Amino acid sequence: MLNRRVSILLGVLVILAMLFVACGGNNATPNNTTNVEEPADEPVEEPVEEPVEEPTEETAEEPAEEPAEEPTEETAEEPSGEEITLRVLAGNVGQELLLTQQAAERFMEQNPGITVEVLDTPDFVQDRLGVYLQLFEAQSPEGDVFQIDVIWPGDLAEHFIDLNEYGAADVAGDHFPAIIENNTVDGRLVGMPWFTDAGLLYYRTDLLEKYGYDAPPATWDELEEMAMTIQEGERAEGNEDFWGYVWQGNAYEGLTCDALEWIASNGGGTIVSPDGVITINNPAAVEIVDQAAGWVGTISPPGVTGYGEEEARAVWQAGNAAFMRNWPYAYSLGNAEDSAIAGMFDVAPLPAGASGSGAATLGGWQLAVSRYSEHPEEAARLALFMASAEEQKIRAIEGSFNPTIMSLYEDPEVLEASPFFGSLYDVFINAVARPSTVTAPQYNDVSTLFFNSVHSVLTGDAEAEDAFAELELDLQDLLGFETGQP
Ligand code: GLC
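A. View of the side chain of S140. Within the fold, S140 resides in the loop between α6 (125–137) and β3 (145–149). At 3.0 Å, the side chain of S140 forms a polar contact with the backbone nitrogen of E142. Discounting residues that sit within four places of it in the chain, S140 has contacts with L135, S370 and Y372.

B. Just the site of the ligand, in detail. Taken together, 13 residues sit near the ligand, with D149, D197, E309, G364 and R434 positioned nearest. W365 is positioned such that a nitrogen or oxygen atom in its side chain is 2.9 Å from an oxygen atom of the ligand. A distance of 2.8 Å separates an oxygen atom of the ligand from a polar side-chain atom of R434. Of all the secondary structure elements, the ones that give two or more residues to the shell around the ligand are α11 (253–265) and β12 (362–369). Element by element, the count of residues in the shell around the ligand is highest for β12, at three residues. For the shell around the ligand, the class distribution of residues is five nonpolar, three polar and five charged.

C. Inspection of unusual backbone geometry at higher detail. Here the bond from A440 into P441 is cis, since omega is 5°, no more than 30 degrees from zero. For P441, the location among the structural elements is in the loop between α20 (436–439) and α21 (443–458). Of note, Q139 is a non-glycine position whose phi angle comes to about 50°, a positive value. Its place among the elements puts Q139 in the loop between α6 and β3. What makes Q139 exposed here is its relative accessible area of 52%. The phi dihedral of I271 is positive, around 75°, even though this residue is not glycine.

D. Geometry of the sheet that holds strand β7 (residues 200–204). Strand order across the open sheet formed by four strands is β8-β10-β7-β11, with mixed pairing between neighbours. Pairing within the sheet leaves two strands with one partner each, and these edge strands are β8 (243–246) and β11 (345–348). With direction set aside, neighbouring strand axes in the sheet form an average angle of 15°. As paired elements, β7 and strand β10 (residues 321–326) share four bridges and run antiparallel to each other. Bridge pairing in β10 places L201 opposite R325. Lying on the sheet, helix α10 (residues 220–236) is in contact with β7, β8 and β10; it crosses β8 at an angle near 135°. Its contacts with the sheet put helix α13 (residues 309–317) on β7, β8, β10 and β11, and the angle it makes with β10 is roughly 155°.

E. Local environment of the side chain of T404. Along the chain, T404 falls in the loop between α16 (389–399) and α17 (412–417). Among the polar contacts listed, one links the side chain of T404 to the side chain of H175, at a separation of 2.7 Å. Those residues in contact with T404 that lie beyond four places of it in its chain are D174, H175, F176, I179, P193, W194, F195, T196 and Q392.

F. Summary view of α6. The end-to-end C-alpha distance of α6, which contains 13 residues, comes to 18 Å, matching closely the 18 Å that a straight helix rising 1.5 Å per residue would cover. Listed in full, the buried residues belonging to α6 are V125, Q126, D127, R128, L129, G130, V131, Y132, L135 and F136. One or two positions beyond α6, positive phi appears at Q139, with a value near 50°.

G. Quick look at the packing of α21 against helix α22 (residues 464–479). Interaxial distance between α21 and α22 falls to 9 Å at its minimum, and their mutual angle equals 165°. Between α21 and α22, the angle is such that the two are roughly antiparallel. Crossing of α21 over α22 shows right-handed handedness. Along its contact with α21, which presents D445, V446, L449, F450, S453, V454, S456 and V457, the element α22 presents A464, A467, F468, L471, D474, L475, L478 and L479. Of the residues in the contact of α21 with α22, the class split is 12 nonpolar, two polar and two charged.

Conventions adopted
Residues numbered from 1 in each chain as written. Predicted model: local features only at pLDDT ≥ 70, side-chain atom pairs only at ≥ 80, totals over all residues. Heavy atoms only, no water. Helix = DSSP H or I, 4+ residues; strand = E, 2+ residues; numbered from the N terminus. Polar contact = N/O pair within 3.5 Å; in protein donor to acceptor, adjacent residues only side chain to side chain. Contact = heavy atoms within 4.5 Å. Near = heavy atom within 4 Å. Nonpolar A, V, L, I, M, F, W, Y, C, P; charged D, E, K, R; others polar. Buried < 20%, exposed > 50% of the residue type's maximum accessible area, 1.4 Å probe, protein only. Pairing = 2+ DSSP bridges. Axes fitted to C-alpha atoms, helices over the stretch in contact; angles between N-to-C directions. Expected span 1.5 Å × (residues − 1). Parallel < 35°, antiparallel > 145°, perpendicular 65-115°, else oblique. Left-handed = near helix turned anticlockwise from the far one by under 90°.

Pasting the structure below:
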């Protein structure tokens, strides 16, 4: 808890520092260079003004006094300009921030008079949410466009404008209808779909061949067996750092995603059913979470209970894991020049449990415009631009971010860069949603209770049977819903 609070505070401080001091972190773009210059004038003005009230002697001494009058003129000139600054609060996992900055540059080229600053926000979903909430509580105009998670429209709708009133209605039909529906709250489209996500199993094609496997694991039991065999073999050959399976086990939203996949694949439901029944306390859920706890320290590093997406990717991309659960963004990075495993891996659907088929959690991000923005029209134009087919195509090719625009799944250039967009299309279409709509505006509390409960099982502090019996009671207290079997 303390850590989370500290990082939220840090996050806010970072953002405020960026806003007031000069947006220093993202120095790759010309827009930031411009921004750095503007506020840099301010500190010069202030010290100069103060001495004005002090003894005349001092004033006379310093030539710096002369400019003291200039800034007044300069500042007087500024308001007459039409320059607008829009701030995008964006993610920075993998190549995200870089791609967003590049999109901002293209927008600025087409929209003279608008400067776009792209601000980096914390990687972990709950930490990022904390930063956003601080800004919303203050009704701050400092953020115009917010990158929001697919689970947030219900919880955060009140803070965003209806994009349908700003032109989104004309293009909404190009996107996956389920995402548009997810982002529509009380008839208002509060987020423009930007990219979608689904959990995937990454596997090393070279190692599967080396150990005599002709296909990736179809079930969790097979994954355990293959991961252990490959791990033992690679260690025997001298790679002591090698692990069978890496995934997201930290106590945060990513664990909610991973654990939902285990549970749904085992026929254990989705924590709370879409019609509002708390279903988490069931034998199929208990069984598979106990099984996953058995991976910690055997086929997965003991530290996996502190892993997010990037920690898993670091082990995987260094060539130290046979399998990884992650989102599509790790595909293009895994094939990049600096990757130890470029060309040596592929992706498959996640393994099945007792239900007979694998489950992938639905993820993804939208662009929302703050209702506290001073420039909603321009901000909406920017959100629509960034979510347009042209821009989604660039992100798909450069960063293997799944488009939300359906036609891009038939685009030859997109499919060439990420063939799995085609071969695993069904995985994306059938991804399992977290219960964010039915529990809104309390989804974040539901998820927090859930991942803490699962985490206690992974770390050996509790058995899943007890943890989920308690979780059921906590969810009842929170939501007041009925309980039942999935
Ligand atoms: C990815 C998904 C997002 C999910 C997050 C969890 O960013 O797109 O929906 O909440 O991972 O870490």
